[in-house]
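Inside the fold
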Amino acid sequence: MIVSLLRILTLIRKELLVLLKDPKSRASLILPPILQCLIFGYAATYDLNSVPYALVDQDRSAASIALVAKLEGSGIFRREGTFARMTEAVPQLDARRALLIVVIGNGFERNLETGVPAPVQVIADGRNSNTSGIAQSYAGAIIGDFAAAWRAERGFPAAGVTVSTRAWFNPQLETRWSMIPSLIGTITMMMTMMLTAMSVAREREEGTFDQLLVAPFTPTEIMIGKAVPSMIVGITQASAVLLVALFWFKIPFAGSFFTLYAGLALFLAAAIGFGLFLSSLAGNMQQAMILAFVFLMPFMLLSGLMSPTENMPAVLQYLTMINPLTYAIRITRVVYLEGGRFAELLPDMLALVAIAAVTMPFAAWMFRHRLN
Amino acid sequence: MEDRPLSLVARDLRKSFRRDAKETVEALGGISLTVRKGTLTALVGPDGAGKTTLLRLASGLILPDSGSLTVVGLDVAEKPQAVQDRIGYMPQRFGLYEDLSVQENLDLYADLNGVSPAERRTVYPRLFEMTQLGPFKDRPAGKLSGGMKQKLGLACTLVRAPELLLLDEPTVGVDPLSRRELWEIVFKLIREDGLSVVVATSYLDEAERCEHAVLMHAGEILAEGPPAEITAKADGCCFLVKGPEGVPARSLQARLFALPGVVDAVPEAGRVRIVRRPDRLEEPLTLEGLQLETEPTGARFEDAFMMLFDSVAGERDHTSPAPLAASPENAADGTVVEVRDLVRKFGDFTAVDHVTFSVRRGEVYGLLGPNGAGKSTTFRMLCGLLPATAGTLRVAGNDLLKAGAKARERLGYVAQKFSLYGQLTVGENLEFFASAYGLRGNRKKERIATLTAAFELERFRDLPSGQLPGGFRQRLALAAALLHEPDILFLDEATSGADPLARRQFWGRITALSEQGVTVIVTTHFMEEAEYCDRVIILDAGRNLAEGTPVEIRERAVSGKTAPSMEEAFIAIVERERAKRTEKAA
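Note that the structure is predicted; figures quoted are calculated from it, not measured.

Conventions adopted
- One numbering rule holds for all chains: residues counted from 1, following each sequence as written.
- Written order decides the labels, with chains lettered from A and ligands numbered from 1.
- For this predicted model, a pLDDT threshold of at least 70 governs which residues receive local features, and a threshold of 80 or more governs which side-chain atom pairs are given and counted, while totals over whole chains, interfaces and linings are taken from all residues.
- Working definition: helices are DSSP H or I runs of at least four residues, strands are E runs of at least two. Numbering for both runs from the N terminus.
- Each radius of gyration reported is based on C-alpha atoms, and the globular scaling rule is 2.2 Å times the count of residues to the power 0.38.
- Field definition: a residue is buried when 20 or more other C-beta atoms are found within 10 Å of its C-beta, exposed when 12 or fewer are, and partly exposed for counts in between, with C-beta atoms placed from the backbone.
- We call two residues in contact whenever the C-beta atoms placed from their backbones are within 7 Å.
- Multiplying one less than the number of residues by 1.5 Å gives the expected span of a helix.
- To get the bend at a residue, fit one axis to the 7 residues ending there and another to the 7 starting there, then take the angle between the axes.
- Here the nonpolar group is Ala, Val, Leu, Ile, Met, Phe, Trp, Tyr, Cys and Pro; Asp, Glu, Lys and Arg are the charged ones; every other residue, Gly included, is treated as polar.
- UniProt positions are given in the numbering used here, feature names are shortened, and annotations may be inferred rather than shown by experiment.
- A pair of strands counts as paired when DSSP detects no fewer than two bridges linking them.
- A fitted line through C-alpha atoms represents every axis, and for helices the fit uses only the stretch in contact; the resulting angles, taken between N-to-C directions, go from 0 to 180 degrees.
- Relative orientations are named as follows: roughly parallel for angles under 35 degrees, roughly antiparallel for angles over 145 degrees, roughly perpendicular for angles from 65 to 115 degrees, and oblique for any other angle.
- Note on convention: the crossing is left-handed when the near helix lies turned anticlockwise from the far helix by less than a right angle, right-handed when the turn is clockwise.
- All the domain ranges listed were derived from an automatic or database domain assignment.

**Re the overall build of chain A**
- A count of helical and extended segments in chain A gives 14 helices and 4 strands.
- Relative to the 2.2 N^0.38 estimate, which gives 21 Å for 372 residues, the radius of gyration of chain A is 28 Å and therefore markedly larger than a compact globule would have.
- Along the three orthogonal principal directions, the C-alpha set of chain A runs to about 90 × 45 × 40 Å.
- Looking at chain A as a whole, 40% of its 372 residues qualify as buried.
- Put simply, 79% of the contacts in chain A that link residues at least 6 apart link residues at least 24 apart.

**Quick word on helix α4 (residues 117–131) of chain B**
Residues and elements named next belong to chain B.
- End to end, α4 covers 20 Å across 15 residues, agreeing with the expected 21 Å (1.5 Å per residue, within 8%).
- In α4, a bend of some 30° at V123 exceeds every other bend along the element, and P125, a proline, comes one to four places later.
- Following α4 by one or two positions, Q132 adopts a phi angle in the positive range, close to 55°.

**Structural notes on the interface of chain A and chain B**
- Between chain A and chain B, the residue contacts involve 20 residues of the former and 24 residues of the latter.
- Put simply, the parts of the chain that give the side of chain A that touches chain B at least two residues each are α1 (2–20) and α8 (208–214) of chain A.
- Among the elements that make up the side of chain A that touches chain B, the one with the highest residue count is α1 of chain A (6 residues).
- The residue inventory of the side of chain A that touches chain B, partitioned by class, reads 9 nonpolar, 5 polar and 6 charged.

**Remarks on the UniProt feature "transmembrane region" (unreviewed entry) in chain A**
All names here are of chain A.
- Taking the UniProt record as the reference, the feature "transmembrane region" (unreviewed entry) is found at residues 180–201, 227–249, 261–282, 288–306 and 349–367.
- Across residues 261–282 one finds 95% helix and 0% strand; the C-alpha atoms that close the span lie 31 Å apart.
- From the first C-alpha to the last, residues 288–306 spans 26 Å; its make-up is 74% helix and 0% strand.

**What to know about the sheet that holds strand β21 (residues 411–414) of chain B**
Residue and element names in this part refer to chain B.
- Overall, mixed pairing links the 6 strands, which are arranged β21-β22-β23-β19-β24-β25 in an open sheet. Where the open sheet ends on each side, the last strands, each with one partner, are β21 and β25 (543–548). Going across the sheet, the axis of each strand differs from the next one's by a mean of 15°, ignoring polarity.
- Both strand β19 (residues 364–368) and strand β23 (residues 519–523) contribute to a ladder of 4 bridges, which runs parallel. For L367, the partnering residue across the bridge sits in β23 and is T523.

**Quick word on the packing of helix α7 (residues 175–206) of chain A against helix α11 (residues 285–301) of chain A**
All names here are of chain A.
- Interhelical geometry of α7 versus α11 gives an angle of 160° and a closest axis separation of 9 Å. Our classification of the angle between α7 and α11 gives roughly antiparallel. For the element pair α7 and α11, the recorded crossing hand is right-handed. In this structure, α7 uses T186, M189, M190, M193, M194, A197, M198, A201, R202 and E205 to contact α11, whose residues at the interface are M285, Q287, A288, M289, L291, A292, L296, F299 and M300.
- Residues that form the contact of α7 with α11 fall into these classes: 15 nonpolar, 2 polar and 2 charged.

**A closer look at the domain arrangement of chain A**
- Per the domain assignment, the segments of chain A are domain 1 (2–44 + 174–369) and domain 2 (51–153).
- Put simply, the middle of domain 1 of chain A and the middle of domain 2 of chain A, counted by C-alpha atoms, are 47 Å apart.

**As for the sheet that holds strand β2 (residues 24–36) of chain B**
Residues and elements named next belong to chain B.
- Spatially, 4 strands are ordered β2-β1-β4-β5 in an open sheet, and the strand pairing comes out antiparallel. The open sheet has two free edges, formed respectively by β2 and β5 (74–75), since each of these has just one partner strand.
- Here strand β1 (residues 6–18) runs beside β2; their pairing, made up of 10 bridges, is antiparallel. The partner of A10 across the bridge, within β2, is L33.

**Description of the domain arrangement of chain B**
- Structurally, chain B comprises domain 1 (6–225), domain 2 (231–312), domain 3 (335–410 + 487–585) and domain 4 (417–485).
- The C-alpha centroid of domain 4 of chain B is placed 34 Å from the C-alpha centroid of domain 1 of chain B.

**Here we look at unusual backbone geometry**
Residue and element names in this part refer to chain B.
- The phi angle at A161 is positive, at roughly 50°, despite the residue not being glycine.
- Phi at E485 takes a positive value of approximately 50°, unusual for a residue other than glycine.
- In this fold, E485 is placed in the loop between α15 (470–482) and β22 (488–492).

**Section: the environment of Y124 of chain B**
All names here are of chain B.
- Along the polypeptide, Y124 turns up in helix α4.
- A residue is classified by how many C-beta atoms lie within 10 Å of it, and Y124, with 19 of them, is partly exposed.
- Distance from Y124 to R273, taken between C-alpha atoms, is 46 Å for residues 149 residues apart in sequence.

**Section: the packing of helix α3 (residues 102–112) of chain B against helix α5 (residues 146–157) of chain B**
Residues and elements named next belong to chain B.
- One way to put it is that α3 packs onto α5 with a least axis distance of 9 Å and a crossing angle of 30°. With respect to α5, the element α3 is oriented roughly parallel. The crossing of α3 and α5 is right-handed. On the side of α3, the interface is formed by V102, N105, L106 and Y109, while α5 contributes L152, A155 and C156.
- Looking at side-chain class alone, the contact of α3 with α5 contains 6 nonpolar, 1 polar and no charged residues.

In structure tokens:
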């Protein structure tokens with residue numbers, strides 16, 4: 001037992017030496033996660049501002065002017081031009097100069113005052129469905145607010161139902177707030193899976209893996225000797241992303257660091273298990289690299305990072321269940337934004353343990369049996 | 001011949017390399033050399049003599065620090081591209097694209113060199129005929145044997161019909177049969193095309209066949225001239241010595257090599273061939289108080305080579321090994337390695353076909369055979385790196401594939417290819433492998449210190465092992481395999497690419513180990529190295545062709561010629577068996 005432990009320590013020491021010896025390779029482990037986090041933080045945002053729109057104001061009344069002022073005062077919309085007729089506004093949308101066309105119908109003011117439904121049409125460019133949808137709903141909300149305020153000012157009774165919305169955990173509904181905590185898992189997964197997948201393949205290519213197999217190491221020892229250094233690197237990278245989230249993007253941390261790190265450790269074990277699994281399938285570094293890419297893309301798409309997993313077809317939903325990143329994103333979001341406690345995340349943690357418990361022993365078994 | 005035009009003229013060439021900020025290494029220290037058109041010139045010398053540097057200068061890949069160099073009538077420093085268009089250079093590791101087929105590789109080099117389709121129609125058939133690669137046109141280069149890869153590399157170099165051919169160690173890792181075929185191609189080119197060839201080699205029998213040999217040492221020319229002239233310097237100094245009964249030739253060789261008056265000693269057909277210092281020929285040859293009988297024999301190029309090097313190499317280590325003892329095989333205490341009916345198939349292809357042999361404790365056992373004969377496959381199965389398809393194999397009573405980690409503690413393994421951690425320093429590598437085999441504390445320190453000293457690795461301790469010169473990498477690999485004092489040592493072509501001096505040192509160490517009872521199993525392409533073995537097995541196409549002591553193997557190959565060399569015996573046996581097989585097939 002102690003002998004085995006000493007041998008594992010020997011392997012870990014060797015692995016860390018190979019990884020960290022060269023200043024360039026040290027930098028390549030820590031700088032990319034920070035850069036990626038900054039790029040994601042600024043680039044991957046669904047929050048809109050200065051959305052170009054074309055205005056067709058057929059009413060030309062005090063009310064219509066007040067509505068336009070309200071739209072533009074929000075800072076979200078920027079008028080591309082005002083047109084008398086619909087036919088003149090359409091080319092703006094076709095040429096992608098405007099994302100929306102807002103048509104204020106004839107009799108807008110009169111209808112408002114008489115309590116008859118007042119016609120306002122918002123036409124969106126469906127070619128960019130995501131952004132248009134968001135812009136459309138912004139516009140809808142602003143127009144609704146305007147109508148309610150107008151009627152209230154003039155002593156008309158308010159509409160039967162008024163919906164008041166609040167976003168909890170992320171009051172401004174900033175994409176960045178939900179994106180960055182998810183990156184803690186996503187970025188470390190990309191880096192550690194690559195790292196582990198390549199490391200065994202490199203040893204196979206350079207013949208050093210044969211030396212390890214000929215030496216008195218058991219496959220389990222080799223596996224642990226590969227997993228622990230990657231884990232150390234992964235935790236360091238995750239901490240770097242966390243620091244960027246806390247001190248650069250200043251996103252308030254609601255939960256406990258213990259729960260977060262417990263979740264991250266389990267997640268890394270599962271991700272590294274996958275990496276080792278791919279590595280044990282690959283015969284050389286090129287194959288390992290390709291395999292890692294082939295797996296990383298679906299892992300990202302099927303994780304709930306970009307789109308909610310609940311909306312996916314049932315088959316894909318099953319796939320999300322064997323994806324360690326799904327659980328990592330849930331854990332980091334819940335801990336970071338909601339302050340979720342360990343107990344409520346237990347199912348996710350156990351799922352990660354289960355993934356690691358399958359991939360790791362399989363990888364260890366493959367070390368010796370992939371001897372063609 | 002003297003009035004033939006000159007293909008290469010070097011005047012006082014100097015070249016230094018910077019190893020790091022502090023240290024510069026002088027690779028060439030003022031070389032002057034001429035190569036006449038249509039001749040074959042061999043550059044021989046130990047590692048670091050400057051052979052490769054000279055060839056790279058001649059091909060215009062690097063520039064000299066000073067001196068002048070004219071190749072095919074052009075100044076290389078001024079017109080490197082014009083020179084490169086008219087010469088062919090084949091480096092040690094020729095850049096074949098492993099995933100491309102033989103034909104595609106050839107096409108690629110023809111494209112790169114701008115060979116027109118019309119020229120290709122005349123050049124290709126001839127190249128395929130010479131290299132006999134025709135039947136393998138569609139095979140990926142990565143799947144060719146070592147010998148075939150070298151032939152393809154040569155074909156790619158010859159695709160635009162160069163005037164001067166520069167070959168850097170073209171036969172390293174190539175078996176004797178392919179080596180002979182490769183040389184036949186080179187001779188044919190000289191004879192029929194009037195090509196000039198400069199070849200760097202560490203096979204001295206190859207140098208013997210050249211018209212002009214250049215002996216280099218530490219960046220300078222030690223001697224040059226026709227090989228016969230150089231060989232003559234050792235005339236009258238060469239003897240065959242027979243040792244006491246039951247003493248392996250390698251043990252006697254190790255002691256004789258350590259004697260002050262002896263320049264060189266190598267085992268040969270159960271006896272030891274020695275070269276004595278010309279000024280000490282009169283003294284009687286005594287070893288441990290015993291006067292030894294010597295029988296004069298003719299000199300070879302290698303004898304003269306060793307003699308010339310002895311005069312400049314400085315004092316060799318003459319501390320004699322332990323006193324001579326009878327070989328441990330006489331006190332046989334059991335079989336260590338046992339292989340019975342071993343079979344390994346890859347798909348339809350049978351790499352190892354019912355091979356049976358056994359090795360006793362303390363024996364040095366050689367696995368010989370052409371490239372692709374199944375030696376490495378057998379080796380990998382013995383080490384537990386590859387499962388056998390059928391048959392049994394036992395190493396110290398265990399099947400290493402199935403046995404636990406404990407069984408592997410007794411094993412040392414040096415792979416064909418350098419396979420230590422290139423990024424880690426020499427010291428870190430030794431440290432890792434010592435710990436891997438469970439050495440700790442003082443014992444670990446002591447073993448590392450002992451081996452670093454024994455293999456003269458102190459000055460490289462902090463150098464990443466990937467940057468070590470070739471010979472020292474080999475030493476480090478062996479040192480790492482010996483840290484834990486294994487009972488059984490597996491060496492897969494461990495001396496491939498090593499120079500003659502390094503090979504003698506290497507075998508000195510192996511001899512010492514076997515005398516301590518270590519069982520050694522080796523594969524090699526150097527047939528003279530088979531002379532160090534107690535017994536050898538010759539494999540071809542996965543089958544056992546012959547097994548026995550080197551003397552028995554020679555006897556089996558005898559056909560008219562009285563004393564074949566080990567290499568001749570090997571070729572004779574393999575060819576005879578191949579002929580039998582094709583007969584049977586027909």
